[in-house]
Amino acid sequence: MIYSAADYKRSLPEVLRQVSEGRSEFRRDYGRLIHSPAFRRLQGKTQLFPGHESDFFRNRLTHSLEVAQVAKGIALQINATEPAFKANPIDTDLVEFASLAHDLGHPPFGHNGEKALDDCMKLYGGFEGNAQTLRLLATVEKKVLQAGANGGNGDYCGIMPNGKDVRLGLNLTYRTLASILKYDKKIPLKRAPTAKLQKGYYASEALIVERVKKSVGAPPAGKSFKTVECQIMDLADDIAYSTYDLEDAMKAGFAHPLAIRAALTNDKPLRDRIYKKVREAIPDATEKEVFRTLQLRFELSSEDRDQVPSGALGMFDLTWSNLIASQGYLRADFSSSLVGGYLKAIKISVAGRGKERFSKVTLDRPLHMEIEALKHLNYESMIMASRLKVVEYRGYELVQTIFNTLSSDAGYLLLPEDCRLMYTRLKRLAEKKRLICDFVSGMTDRYAVEFYGRLKGHGASIFKPL
C-alpha cells in the first residue's frame, strides 16, 4: 500500500478538534500551508528577475503554483496508467502541498542570499534552502505548540523560560513532511569557512526526520529515503524551472533562440560549465550529446526548414528567433510544447510490494538530458549575467550585514518583540544564531532592503543595472 495509518500521524494528535467531513489529513495540511505567512512571503521573493522591475515576471509564488500544476498532472497520469496505483492512487493533495512548499525556505536574493546565510552559520549548523523549508514547516511557523506549553498562564512565546523549544510549526503529518525531504543527509554542525554549501537537513531537525522515517518506513535496500510525492515535486520543479525561466528571459530581452545557439557554439567555457553540471545528474552523458541536445532545441525543425528556400534560411532563422522572443503567443507555444513533451516522457518503476511509496519516477533519457541541460543553461547564461549578478552581489552584502548586526551584543534588541523574547530565553549561542537566521531568511527582498535602510540609511537602489 502507498498509504497506511502511520502516514496520518502528527507530532501532536489533535483529538479534540472537530474533523470536517470529507476532508483528509493531507487536505488539512494543504490548507495550513496556504494560510501560512511563509507561503504569502513567496510573492516577495525573486525567481529570476527582481519583482519591482515588472509585475509580469514570475516570482517564487507563481513559480510554485506552476510546479504544483505540473506535479499534479504527473500524479494523475501515473494514477491513470500504472496498475499499481489505480486501486490506491498517489494523493494529489500531498503532491500539490510538496510543490507549493518546496521553495518556502529560500531567503531573499536567491542563491547569494543563501550563500550569505550559510557563510554566517558555518559554525552553527549551516544554512540551506531545503533544510530551512523543513524547519519552517516543522518548527518555525506559528500555528501549533506542544500540549500544555503555555502552562496555563497565557505564555505563547514558543520557547519556555527554561529554554525548551515547544514549537511544532504547522504540526503536519509525517508523510507530508516526508514529501519535502529531498536530501537524506544531516548538515554538519561545524564546517570550514571555505566549505561549499551542503544540501540536507539541519541537526536541529534530526529528531523530526527520525520520526518521519519511522512513520513512513524504510526504502528498498540501497535506496535513499525519497518518497514518490517528493520525486514528483522535484521533477516538476526541474520542468518548470528549465522551461518558464527561459520564457521569462526571452520576454526580458536576455535571450532568443539564435543568440543561445551562437553562445553555445562560440563560448566553450559556457559549454564546459553546463556539461559538468549535467554529468552530476547523468554521469554517462557525453559532451557532444549535451551540446547537440541544446542545439536541436534552439533550431528550426526539419519540417519548417523544408518550406524555406536554402538561400533564405539565415534570414528566416533570425526572423523566427526574434518572433519567438517577442511574441507572447509564440513564447507560450514554445513553453507549452516543452512541458507537454516532458509529461509524455514520464516513467515510473514500481518498488516491491509494501514499498510502493518509494517507487522511482524518471524521464526518458533524451528528455531528461534536455531538462538538465536547459536548467543549467538558464543558470549559467541568465542568472550569471552581469545585470543579475550585481543584484545578487549586493544582496549577499545586505543579508550578511543584517545578520551580523542582529548578532552583535545588543543586536537582538532590533528584533520584533516575539523574536526578542525567544532570543532571551534560548540558552545556547547556536540556538540564538539559528533564531536570527530564521528571521533573516524569512524576509522578502523588499523587506530586507527596508530593514537594511533602517540600519544603515537609504542609498541608491541595489537593483539599478550596470
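Residues numbered from 1 in each chain as written. Predicted model: local features only at pLDDT ≥ 70, side-chain atom pairs only at ≥ 80, totals over all residues. Heavy atoms only, no water.

Asker: It is not clear to me how the overall build of the protein should be interpreted in this structure. Could you clarify?
Answerer: What the protein contains, in helices and strands, is 20 helices and two strands. Taking all 466 residues of the protein together, 53% fall into the buried category. Counting contacts in the protein only where the partners sit at least 6 residues apart, residues at least 24 apart contribute 74% of the total. Accessible area for the protein stands at about 21800 Å²; split by element, carbon and sulfur atoms hold 54% of it. (Helix = DSSP H or I, 4+ residues; strand = E, 2+ residues; numbered from the N terminus. Buried < 20%, exposed > 50% of the residue type's maximum accessible area, 1.4 Å probe, protein only. Contact = heavy atoms within 4.5 Å. Areas by Shrake-Rupley, 256 points an atom, 1.4 Å probe, with all protein chains shown as cover.)

Asker: For this particular structure, what's the right way to read the confidence of the model for the protein?
Answerer: Any region with low pLDDT has predicted coordinates that should not be read closely. With 83% of its residues at a pLDDT of 70 or more, the protein shows a mean pLDDT of 85. Contacts of residues 300–316 to residues separated by more than four positions or lying in other chains number eleven contacts, the stretch itself having pLDDT below 50. (pLDDT = per-residue confidence, 0-100.)

Asker: Help me understand the packing of helix 18 (residues 417–425) against helix 19 (residues 429–441), please; the structure alone is not making it clear to me.
Answerer: Helix packing geometry: the angle between the two helix axes and the distance between the axes. Between helix 18 and helix 19, the least distance of the axes is 9 Å, while the angle of their chain directions is 165°. Classified by the angle between their axes, helix 18 and helix 19 sit roughly antiparallel to one another. Every pair of crossing elements has a handedness; the one defined by helix 18 and helix 19 is right-handed. On helix 19, the residues touching Cys 419, Met 422, Tyr 423 and Thr 424 of helix 18 are Lys 432, Leu 435, Ile 436 and Phe 439. Here the residues of the contact of helix 18 with helix 19 sort into six nonpolar, one polar and one charged. (Axes fitted to C-alpha atoms, helices over the stretch in contact; angles between N-to-C directions. Parallel < 35°, antiparallel > 145°, perpendicular 65-115°, else oblique. Left-handed = near helix turned anticlockwise from the far one by under 90°. Nonpolar A, V, L, I, M, F, W, Y, C, P; charged D, E, K, R; others polar.)

Asker: What should I look at first to understand the nonpolar core in this one?
Answerer: A general feature of soluble globular proteins is that nonpolar side chains tend to end up buried together. Formed by 49 residues in total, the largest nonpolar core has its most connected members in Ile 74, Ile 78, Ile 90 and Ile 232. Looking at this core, the element that brings in the most residues is helix 9 (residues 228–251), giving nine residues. If sequence neighbours within four positions are ignored, Ile 74 has contacts with Ile 232, Ala 236, Ile 239, Leu 343 and Ile 346. Residues Tyr 30, Ala 101, Ala 138 and Leu 172 belong to the second largest nonpolar core, which totals 34 residues. (Core = buried A, V, L, I, M, F, W, Y, C linked by side-chain atoms within 4.5 Å.)

Asker: Could you clarify how one ought to interpret the packing of aromatic side chains in this entry?
Answerer: The relative placement of two aromatic rings is captured by the distance of their centres and the angle of their planes. With the rule as written, the count across this model stands at six aromatic pairs. Ring geometry for Tyr 8 against Phe 26: centres 5.1 Å apart, planes inclined by 45°, an arrangement best described as tilted. One end of the pair, Tyr 8, is in the segment before helix 1 (25–34); the other, Phe 26, is in helix 1, with 18 residues separating them in the sequence. Ring centres of Tyr 447 and Phe 451 lie 5.9 Å apart, and the angle between their planes is 50°; this geometry places the pair in the tilted category. With a gap of four residues between them, Tyr 447 and Phe 451 both fall in helix 20 (residues 445–456), about one helical turn apart. Note on Phe 451: relative accessible area 6%, which makes it buried. A connected cluster of aromatic rings, assembled from ring pairs, spans Tyr 3, Tyr 8 and Phe 26. When the ring centre of Tyr 423 is taken as origin, the NZ or CZ atom of Lys 432, which lies over that ring, is 4.4 Å away. (Phe/Tyr/Trp six-rings, centres within 6.5 Å; stacked < 30°, edge-to-face > 60°. Lys NZ or Arg CZ within 6 Å of the ring centre and 35° of its normal.)

Asker: In this structure, what is going on with the packing of helix 1 against helix 4 (residues 92–101)? I would like to understand it.
Answerer: One way to put it is that helix 1 packs onto helix 4 with a least axis distance of 9 Å and a crossing angle of 25°. Looking at the two axes, helix 1 sits roughly parallel to helix 4. For the crossing formed where helix 1 meets helix 4, the hand is left-handed. In contact with Phe 26, Arg 27, Asp 29, Tyr 30, Leu 33 and Ile 34 of helix 1, helix 4 contributes Asp 93, Leu 94, Glu 96, Phe 97, Leu 100 and Ala 101. Classifying every residue of the contact of helix 1 with helix 4 by side-chain character gives eight nonpolar, no polar and four charged.

Asker: When you look at the environment of Ala 285 in this model, what are you seeing that I'm missing?
Answerer: With respect to the secondary-structure elements, Ala 285 resides in the loop between helix 11 (268–281) and helix 12 (287–297). Residues Ala 285 and Tyr 275, ten residues apart in the sequence, show an inter-C-alpha distance of 8.3 Å. Every residue in contact with Ala 285, bar those within four places of it in the chain, is listed here: Tyr 275, Val 278, Arg 279, Val 290, Arg 365 and Met 369.

Asker: How do you make sense of the side chain of Glu 82 when you look at a structure like this?
Answerer: For Glu 82, the position within the fold is in the loop between helix 3 (60–81) and helix 4. There is no salt bridge for the buried Glu 82, and the closest opposite charge comes from Lys 86, which lies 8.8 Å off by N-O distance. Residues in contact with Glu 82, not counting those within four places in the same chain, are Ile 348 and Val 350. (Lys, Arg positive; Asp, Glu negative; His and termini not counted. Salt bridge = Lys/Arg side-chain N within 4 Å of Asp/Glu carboxyl O.)

Asker: What should I look at first to understand the side chain of Lys 375 in this one?
Answerer: Residue placement: Lys 375 occurs in helix 16 (residues 365–383). Assessed through its relative accessible area of 13%, Lys 375 is described here as buried. Residues within four places of Lys 375 in sequence aside, it is in contact with Asp 238, Tyr 241 and Ser 242.

Asker: Would you mind showing me how to read the pairing of strand 1 (residues 346–349) here?
Answerer: On any regular strand, side chains alternate: one points to one face of the sheet, the next to the other face. By the alternation rule, side chains of strand 1 split into Ile 346 and Ile 348, which are all buried, and Lys 347 and Ser 349, of which none is buried. Judged from the four bridges that link them, strand 1 and strand 2 (residues 360–363) form a sheet pairing that is antiparallel. The residue of strand 2 that forms the bridge with Lys 347 is Thr 362. (Pairing = 2+ DSSP bridges.)

Asker: Help me out: how do you make sense of unusual backbone geometry in this one?
Answerer: Apart from glycine, the bulk of residues carry a negative phi angle, and the bulk of peptide bonds sit in the trans form. Positioned with a positive phi, Phe 109 is a non-glycine residue whose angle comes to about 70°. The residue Phe 109 is located in the loop between helix 4 and helix 5 (110–120) in this model. Residue Phe 109 is classed as buried on the basis of its relative accessible area of 4%.

Asker: Looking at this model, I keep getting lost on the pattern of salt bridges. Mind explaining?
Answerer: Pairs can form between side chains of opposite charge whenever their charged atoms are close. Scanning the entire structure with this criterion turns up 29 salt bridges. Of the charged contacts, one joins Arg 10 and Asp 29 as a salt bridge, the two residues approaching to 2.7 Å between their closest N and O atoms. Here Asp 29 lies in helix 1 and Arg 10 lies in the segment before helix 1, a separation of 19 residues in the sequence. Classification of Asp 29 by relative accessible area gives buried; the value is 0%. The salt bridge partner of Arg 420 is Glu 417, with a shortest N-O separation of 3.8 Å. Of this pair, Arg 420 and Glu 417 both sit in helix 18, three residues apart, which is roughly one turn of the helix. Several salt bridges share partner residues, and in doing so they unite Asp 7, Arg 175, Glu 229 and Arg 357 into one network.

Asker: I'm lost on the state of the cysteines in this one. Help?
Answerer: For the coordinates displayed, the defined rule picks out zero disulfides. With no disulfide of its own, Cys 120 has Cys 437 as its nearest cysteine by sulfur position, at a separation of 8.0 Å. Given a relative accessible area of 12%, Cys 120 falls into the buried group. Its sulfur unpaired, Cys 157 is 9.2 Å from the next cysteine sulfur, which belongs to Cys 419. (Disulfide = S-S within 2.5 Å.)

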